[in-house]
Amino acid sequence: MGDKKAAKLPRKAYESELLRLQTELVRLQEWVRATGARLVVVFEGRDAAGKGGTIKRVTEHLNPRVARIAALPKPTERERTQWYFQRYVEQLPAAGEIVLFDRSWYNRAGVEHVMGFCTKDEYQRFLRQCPIFERMLVEDGIILRKYWFSVSDAVQQERFRRRLEDPLRRWKLSPMDLESITHWEAYSRAKDEMMVHTDIAEAPWYVVESDDKRRARLNMIAHLLDSVPYHEVSPPVLELPERPRSTGYERPPRDLQTYVPDHAADL
């Protein structure tokens, strides 16, 4: 995008293109299901960079039995004693499935490293093992895409402020999110180091400029679609059957059941 800031994308153009791309995502889903492909999409980036909103738009019209979101909480005491990648392996897709990682094994390269939640040895071991781990996934046939959502400090600050003031989005803001403000440069250095070790040919990083959320969503989805060699799969031919004649069934009286009050009638 260069140094020139692009104009904000008009809502009408955004919504039209988003619908078109979401239609293509459904076609991608059907290809995955029909061919038994396994697709993993990793969403990483700074807090408030727009990962969650993009994931929401990606999955909005997809079948949750095919496409699911993996957003793991902090590890349990038992999980802390496992091989680091073990709990993420359990989330990987079987044939005909798509898994979207809302943050992933890269927690170790970011928040765990910056905030001191892992040791230096654990961090260095991750940087050595991660490329090997991802090469194994790709070698086994998994389609792996990794997206880093990049947001400026000023835009992040403004998004945090809006979350703080909005009761519908206040839950998105945690004390750890606020810590990221005071550790901005540390997170920048950690991201740069992560990229050096894990931006590999078999599983490269793709950076999404996300100061404009609308552009970020469209750009990321369009890239994903362009990068996967899917094709349209013909759906099964379905016909709506004729409704059979009544055989005398009568619905029980309404007063025998408890109905939800008609709240809408008071509007």
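About the cut-offs
- Residues numbered from 1 in each chain as written.
- Predicted model: local features only at pLDDT ≥ 70, side-chain atom pairs only at ≥ 80, totals over all residues.
- Heavy atoms only, no water.
- Helix = DSSP H or I, 4+ residues; strand = E, 2+ residues; numbered from the N terminus.
- Expected span 1.5 Å × (residues − 1).
- Contact = heavy atoms within 4.5 Å.
- Axes fitted to C-alpha atoms, helices over the stretch in contact; angles between N-to-C directions.
- Parallel < 35°, antiparallel > 145°, perpendicular 65-115°, else oblique.
- Left-handed = near helix turned anticlockwise from the far one by under 90°.
- Nonpolar A, V, L, I, M, F, W, Y, C, P; charged D, E, K, R; others polar.
- Pairing = 2+ DSSP bridges.
- Buried < 20%, exposed > 50% of the residue type's maximum accessible area, 1.4 Å probe, protein only.
- Lys, Arg positive; Asp, Glu negative; His and termini not counted.
- Salt bridge = Lys/Arg side-chain N within 4 Å of Asp/Glu carboxyl O.
- Polar contact = N/O pair within 3.5 Å; in protein donor to acceptor, adjacent residues only side chain to side chain.
- Core = buried A, V, L, I, M, F, W, Y, C linked by side-chain atoms within 4.5 Å.

Draft legend 1. Looking closely at helix α9 (residues 184-198). For α9, spanning 15 residues, the distance from its first C-alpha to its last is 21 Å, which sits close to the expected 21 Å at 1.5 Å a residue. Where α9 is buried, its residues meet α5 (111-114), α6 (120-139), β4 (143-150), α7 (153-165), α8 (175-182) and β5 (205-209).

Draft legend 2. Representation of the packing of helix α1 (residues 11-35) against helix α10 (residues 213-227) within the structure. Close contact between α1 and α10 brings their axes to 10 Å; oriented N to C, the two are set at 25°. In terms of their interaxial angle, α1 and α10 are classed as roughly parallel. Handedness of the α1/α10 crossing: left-handed. Contacts between α1 and α10 involve Arg-11, Tyr-14, Glu-17, Leu-18, Leu-21, Glu-24, Leu-25 and Leu-28 from the first element and Arg-214, Arg-217, Leu-218, Ile-221, Ala-222, Leu-224 and Leu-225 from the second. Of the residues in the contact of α1 with α10, the class split is 10 nonpolar, no polar and five charged.

Draft legend 3. Region of the structure containing the sheet that holds strand β2 (residues 67-70). With respect to topology, five strands assemble into an open sheet ordered β2-β3-β1-β4-β5, the strand pairing being parallel. Each of the sheet's edge strands pairs with one partner strand only, and the pair in question is β2 and β5. Going across the sheet, the axis of each strand differs from the next one's by a mean of 20°, ignoring polarity. One ladder, built from five bridges, connects β4 with β5; its direction is parallel. Along β5, the bridge assignment pairs Ser-150 with Glu-209. Strands β1 (38-45), β4 and β5 of the sheet are contacted by α10, whose axis makes an angle of about 160° with β4.

Draft legend 4. Summary view of the environment of Trp-171. For Trp-171, the location among the structural elements is in the loop between α7 and α8. Trp-171 gets classed as exposed once you look at its relative accessible area, which sits at 66%. Note: C-alpha distance between Trp-171 and Cys-130 (41 residues apart in sequence) is 31 Å.

Draft legend 5. Up close: the side chain of Asp-177. Tracing the sequence through the fold places Asp-177 in helix α8. Although Asp-177 lies buried, it forms no salt bridge, and the closest oppositely charged side chain, Arg-163, sits 4.6 Å away as judged by the N-O distance. A polar side-chain atom of Asp-177 sits 2.9 Å from the main-chain amide nitrogen of Ser-174. The contacts of Asp-177, once residues within four sequence positions are left out, are Asp-47, Phe-160 and Lys-172.

Draft legend 6. Structural context of the environment of Val-32. Tracing the sequence through the fold places Val-32 in helix α1. Linking Val-32 and Met-194, residues 162 residues apart in sequence, is a C-alpha distance of 30 Å. For Val-32, the residues in contact, after removing those within four places along its chain, are Ala-37, Gly-96, Glu-97 and Ile-98.

Draft legend 7. Summary view of the pairing of β1. Most of β1 sits out of view: eight of its eight residues are buried. Where burial is concerned, the two faces of β1 agree: the one with Arg-38, Val-40, Val-42 and Glu-44 and the one with Leu-39, Val-41, Phe-43 and Gly-45 are both buried. The pairing of β1 with strand β3 (residues 97-102) spans six bridges and is classified as parallel. Paired with Val-41 across the strands is Leu-100, a residue of β3. As judged from the seven bridges shared by β1 and β4, these two strands associate in the parallel manner.

Draft legend 8. Summary view of the nonpolar core. Counting 32 residues, the largest nonpolar core has Leu-28 and Met-220 as its most contacted members. Of all the elements in the fold, those that place two or more residues in this core are α1, β1, α2 (51-59), β3, β4 and α10. Top element by residues in this core is α1. It accounts for seven residues. Contact partners of Leu-28, with chain neighbours within four places excluded, come to Leu-39, Leu-225, Val-228 and Tyr-230. Counting 27 residues, the second-largest nonpolar core is a separate cluster that includes Trp-105, Cys-118, Cys-130 and Leu-144.

Draft legend 9. Focus on the side chain of Lys-146. Considering the arrangement of structural elements, one finds Lys-146 in strand β4. For Lys-146, a relative accessible area of 0% translates into the label buried. Within the structure, the side chain of Lys-146 is placed 2.8 Å from the backbone oxygen of Ala-203, a separation counted as a polar contact. When near neighbours in sequence (up to four residues on either side) are disregarded, Lys-146 contacts Val-42, Tyr-106, Glu-134, Thr-198, Ala-203, Pro-204, Trp-205 and Tyr-206.

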